[in-house]
Amino acid sequence: MQTSVLLCSAAIVLSLPLTAQTLVVAPTGYDTVEGNSNNIYPWGRNAASMHYLQIQDSSNFTSQNVTGPVLINNLRFRVDNALSAATWTGGSWPNVVIEMSTAAVDYTAISATFAANHGPDRTIVHSGAVTVQAGSRPGSSTTPGVWHIDIPLTTPFLYDPSTGNDIVLDVQLDGTGWSGGATQCDAVSGATALGSRIWDSNSSNGPTASGTGVNYCILCEYTCVPTSGYAYSTPYGDGCVRQYASFQESYSACDLSNTSFAMQNIGTGYVVLPGSTPLYVPTSTPIVMGDDQVIQFPLNWTLPYPGGTTTDLYVSSNGFVHGAPNTNNGCCAFNGALFLGNGPCWAAKWRDLNPAAGGSVYFDTDPVTGTAYVTFDSVPDYGSTNPNTFQYAFDASGTVELRFGNMDPTAGTTGYSPGNNNLLPPSIDLSAISVLITEANDIAPITHSSSARPVIGTAFSLETNNVPAISVVGATLFGLTEINPGLDLTSLGMPGCHQYVSIDASQVWVPAGGVGSTSFSIPNAPAFAGVEIKTQGVALVPGINALGALSTNGIKHFIDIN
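Residues numbered from 1 in each chain as written. Predicted model: local features only at pLDDT ≥ 70, side-chain atom pairs only at ≥ 80, totals over all residues. Heavy atoms only, no water.

Asker: Please explain the environment of Ala 525 as it appears in this structure.
Answerer: Within the element layout of this structure, Ala 525 appears in the loop between strand E37 (516–521) and strand E38 (532–540). The partly exposed category is assigned to Ala 525, whose relative accessible area is 24%. (Helix = DSSP H or I, 4+ residues; strand = E, 2+ residues; numbered from the N terminus. Buried < 20%, exposed > 50% of the residue type's maximum accessible area, 1.4 Å probe, protein only.)

See below:
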């Protein structure tokens, strides 16, 4: 294919949505309102190391009049004004690395693996000093605090929220060289957070999080400026096929009261069906369980689960059960790494629960019938008196039921993972399922990425990734027309796949190591400034579906001189 022919035929020029810089405070609605939470991650731990990542929803930008591509050239963070110290001395770190990208996943499906959240445009936007300004709180606790951390970005980040893809902020802070005194940042918890976070509180560059907080993030102010004369490539849509061995619902308000569902073991996974089984009435003596405690309970019989068996259950006071040895209590919010990476885990309501403050916990097992029940009866959330009643029913057939009584409508996570370092699936509404089937293995979707921005006079590669090993050939499609939302290809025998570009040209490739690559050269001619080209990858994969083909997301390439 002659890319210059395709380029010469294009004359599509973008109209920029902004004429001056715009300040976006995320979560939206909190620019003049104090957040409902606060946190020391990542800017309040002084000399401690930290790897912190949060994903914030694209609607934080589009709802504040950023409806097209912008350059983000500055970040600011605000002190919490409710619980932080009355005054703080300030200080600085000499070596902080901050990366940004267009998220590869929605914030509701944040992964415990740091790299899995980043899109192909992952960029180091700052490497150097970060300063915490000294200050004091305003008089009223309802008045927003001051912006005490201001970070000009050495490399502005190009972001287009109109694609619907969220934004990633990744902070790697080793703590060395710190001097002074920091304080807590303003944060938002719950549905209005429009973001989620993960963290590793032991290392600045660890690959896997030690904690996960869905629907929780610290406030951040982004300075957005127009992109005039700036080339960019932005992805849109999704590749196929994606499957998960786990399932989960992370909610801001639990809606599972007086429901149940059964997980029927089919060897390779579970078939999950809604149920109507009432709670078993415990006959055992209540277990003395403290706050943030894990207790091992022997079944005295063998429970099969997809991929293995167990004779013991490890019950956390925070509402989840492991089938493999575990001593981590999972406080004080859903921990994606613990959920996904420590053997089979069932979670009825993973939250900071406190059986030491009220309610009862029971363990009943019958070796003759091969049944066991773990019951949380009226156990409150930590710091409250509002009760949660739920039950696990384990059967020697391999069926596991989660049964719910009256539940406090607070945030938490419900689900199952085989715990083999799996992918975190998107949150689903478990109260609305008719049937759900988990798979033996996770399969990441086939994806399309660009190695560089489409600057006039340069060459770069377009790569199709996660190509199955049985694929022998594929192609990169080039078009002048964006199809968004994509054209559903189910009728062609490609369920879950979509066409995102007009097919005006194509270039065939043979995959190597799961990657198909195409070179894209842009002539050194200013006349191409403002031209848009759209690309998408396809691969022939025998037996993957009726047609034997997969398609990727699309990418919009806006060509310019810088």
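Asker: Please clarify how the nonpolar core should be interpreted in this entry.
Answerer: Taken as a class, soluble globular proteins show a tendency for nonpolar side chains to be buried jointly. By size, the foremost hydrophobic cluster in this structure holds 61 residues, and its most contacted members are Met 263, Leu 313, Trp 346, Tyr 392 and Phe 394. Discounting chain neighbours no more than four positions away, the residues touching Tyr 392 are Gly 319, Phe 320, Val 321, Trp 346, Ala 347, Ala 348, Ala 372, Tyr 373, Val 374, Glu 401 and Leu 402. Grouped together as the second largest cluster of nonpolar side chains are 40 residues, Ala 26, Ile 98, Val 130 and Leu 169 included. (Core = buried A, V, L, I, M, F, W, Y, C linked by side-chain atoms within 4.5 Å. Contact = heavy atoms within 4.5 Å.)

Asker: What should I look at first to understand the pattern of salt bridges in this one?
Answerer: As a working rule, side chains carrying opposite charge can pair if their charged atoms are close by. Tallied over the full model, the rule gives 6 salt bridges. For Glu 401, the salt bridge identified is with Arg 403, shortest N-O distance 3.2 Å. Among the residues examined, Glu 401 registers a relative accessible area of 16% and is labelled buried. Owing to a relative accessible area of 7%, Arg 403 belongs among the buried residues under this scheme. In this structure, Lys 534 and Glu 532 form a salt bridge, with 2.8 Å as the shortest nitrogen-oxygen distance. This pair shows no difference in class: Lys 534 is buried, exactly as Glu 532 is. (Salt bridge = Lys/Arg side-chain N within 4 Å of Asp/Glu carboxyl O.)

Asker: Would you mind going over the sheet that holds E37 with me for this structure?
Answerer: The strands that make up a sheet are held in pairs by hydrogen bonds between backbone atoms, and each pair lies either parallel or antiparallel. The sheet built from 3 strands is open, its strands ordered E31-E32-E37 with antiparallel pairing. The sheet is open, and its two edges are formed by strand E31 (447–450) and E37, each paired on a single side. Within this sheet the neighbouring strands show an average axis-to-axis angle of 20°, counted without direction. Pairing between strand E32 (residues 459–465) and E37: 6 bridges, direction antiparallel. Considered in E37, the bridge of Ala 459 is made with Ser 521. (Pairing = 2+ DSSP bridges. Axes fitted to C-alpha atoms, helices over the stretch in contact; angles between N-to-C directions.)

Asker: Mind showing me how you'd approach the pairing of strand E39 (residues 549–558) here?
Answerer: In regular strands, side chains alternate between the two faces of the sheet. Across the 10 residues of E39, 10 count as buried, placing the element largely inside the fold. With 5 bridges connecting them, strand E17 (residues 232–236) and E39 associate as antiparallel partners. What sits directly across from Ser 233, in E39, is His 557. Of the strand pairs in this sheet, E38 and E39 are connected by 8 bridges, and their pairing is antiparallel.

Asker: Can you walk me through the state of the cysteines in this structure?
Answerer: Working definition of a disulfide: a covalent bond connecting the sulfur atoms of two cysteines. Scanning all chains against the criterion turns up 1 disulfide. The disulfide partner of Cys 240 is Cys 497, and the gap between their sulfur atoms is 1.9 Å. Between Cys 240 and Cys 497, the disulfide has an S-S torsion of 95° and is therefore right-handed. Separated by 257 residues along the polypeptide, Cys 240 in the loop between E17 and strand E18 (247–251) and Cys 497 in the loop between strand E34 (482–488) and strand E35 (498–501) bring together distant segments of the chain. (Disulfide = S-S within 2.5 Å.)

Asker: Quick question: what am I supposed to make of the packing of aromatic side chains here?
Answerer: Tallying each qualifying case throughout the model produces 25 aromatic pairs. Considering the side-chain rings of Phe 247 and Phe 261, the 6.2 Å spacing of their centres and the 70° angle between planes classify their relative orientation as edge-to-face. Highlighted residues: Phe 247 in strand E18 and Phe 261 in strand E19 (residues 260–265), separated in sequence by 14 residues. Since its relative accessible area comes to 2%, Phe 261 is described here as buried. Centre to centre, the rings of Phe 390 and Tyr 392 are 6.3 Å apart; their planes meet at 80°, and the pair counts as edge-to-face. (Phe/Tyr/Trp six-rings, centres within 6.5 Å; stacked < 30°, edge-to-face > 60°.)

Asker: How should the pairing of strand E3 (residues 50–56) be read in this particular structure?
Answerer: Within E3, 7 of the 7 residues are buried, which leaves it mostly tucked inside the rest of the structure. Burial along E3 is two-sided: Met 50, Tyr 52, Gln 54 and Gln 56 and His 51, Leu 53 and Ile 55, pointing in opposite directions, are all buried. In the sheet, E3 pairs with strand E10 (residues 167–173) via 7 bridges, with the strands oriented antiparallel. In the strand pairing of E10, Gln 54 is matched with Leu 169. Where E3 and strand E13 (residues 195–200) come together, 6 bridges link them in antiparallel fashion. Bridge pairing links Gln 54 to Arg 197 in E13.

No statement about biological role is implied by the geometric values presented.
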